Amino acid sequence: MKYGKIKNIIKEVLSDQWYTLYRFSYEYQKEDGNWETQRREAYDRGNGAAILLYHPETKKVILTRQFRMPTYVNNNPNGMMIEVCAGMLDDQDPFHCIKKEVEEETGYRIREVQKVFEAYMSPGAVTEILHFFIAPYNHSMKVNEGGGADHETENIEVMEIDFERALEMIESGEIKDAKTIMLLQYAKLQQLF
């Protein structure tokens, strides 16, 4: 685009109950050079990290299942979602955060992680950048049952699934989580197995 500049940005807090919902008013320079006033809302929940744990020998992956209220109110009958392990950065670097989340949610203590990409997950409304990782696991790394941190009321079920079955679950609609689909597709494209 030739222009696409913005000026006179006004930021208002609409809600800060869980995360922060802002309304931005600003002037945007259109392609023809003229300026127009625009208003947008943006939900700032911080940045996060997600990881696909994979077992190269058994060709299995670790996924989680947990209740997600936003999906329940949007036609997911039981609100349960199958996902890769993920969490908010909470002022931590992505590498430290994802290792902590893996141990809390899955019970595996992993040593090395590989960052594979990062992405805005819903750039029209949410500020979050998600950092995507992969890491091999084996059963000797299991240090607890997982299930999530007690104070976070997560109630996470840990699932070990054949990689090919996980791909089928995307097609069948059993897996509908974007970050999970992205990491499983990455594993397929990169031929991790």
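J.: Mind showing me how you'd approach the pattern of salt bridges here?
T.: Any two side chains of opposite charge can pair, so long as their charged atoms come close to each other. Considering all chains together, one arrives at 14 salt bridges under this definition. Across the pair Lys-100 and Glu-101 runs a salt bridge whose closest N-O atoms are separated by 3.5 Å. One continuous salt-bridge network, built from bridges that share partners, spans Arg-68, Glu-83, Asp-177 and Lys-179.

J.: I would appreciate a short explanation of unusual backbone geometry in the present structure.
T.: A negative phi angle characterises most non-glycine residues, just as the trans form characterises most peptide bonds. Positive phi, close to 55°, is recorded for Asn-8, a residue that is not glycine. Within the secondary structure, Asn-8 is located in strand β1 (residues 6-15). Assessed through its relative accessible area of 49%, Asn-8 is described here as partly exposed. In this model, Asp-91 sits at a positive phi of 65°, which is unusual for a non-glycine residue. For Asp-91, the location among the structural elements is in the loop between β7 (85-88) and α2 (94-106). On the accessibility criterion, Asp-91 (85% relative accessible area) is exposed.

J.: Could you clarify how one ought to interpret the environment of Met-159 in this entry?
T.: The residue Met-159 is located in strand β10 (residues 157-162) in this model. When its relative accessible area of 11% is taken as the criterion, Met-159 is described as buried. In this structure, the C-alpha to C-alpha distance between Met-159 and Gly-124, residues 35 residues apart in sequence, is 32 Å. Dropping the residues within four chain positions of it, Met-159 is found in contact with Val-61, Ile-62, Leu-63, Thr-64, Arg-65 and Ile-82.

J.: Mind showing me how you'd approach the pairing of β1 here?
T.: Consecutive side chains of a regular strand alternate in pointing toward one face of the sheet and then the other. With seven bridges joining them, β1 and strand β2 (residues 20-29) adopt antiparallel strand pairing. The residue of β2 that forms the bridge with Ile-10 is Ser-25.

J.: Looking at this structure, I do not really get the sheet that holds β1. What am I missing?
T.: The sheet built from three strands is open, its strands ordered β1-β2-β3 with antiparallel pairing. Each end of this open sheet is capped by a strand with a single partner; those strands are β1 and β3 (35-44). Going from strand to strand, the sheet's axes swing by 20° on average, the running direction of each strand aside.

Thresholds, definitions, all that
- Residues numbered from 1 in each chain as written.
- Predicted model: local features only at pLDDT ≥ 70, side-chain atom pairs only at ≥ 80, totals over all residues.
- Heavy atoms only, no water.
- Salt bridge = Lys/Arg side-chain N within 4 Å of Asp/Glu carboxyl O.
- Helix = DSSP H or I, 4+ residues; strand = E, 2+ residues; numbered from the N terminus.
- Buried < 20%, exposed > 50% of the residue type's maximum accessible area, 1.4 Å probe, protein only.
- Contact = heavy atoms within 4.5 Å.
- Pairing = 2+ DSSP bridges.
- Axes fitted to C-alpha atoms, helices over the stretch in contact; angles between N-to-C directions.

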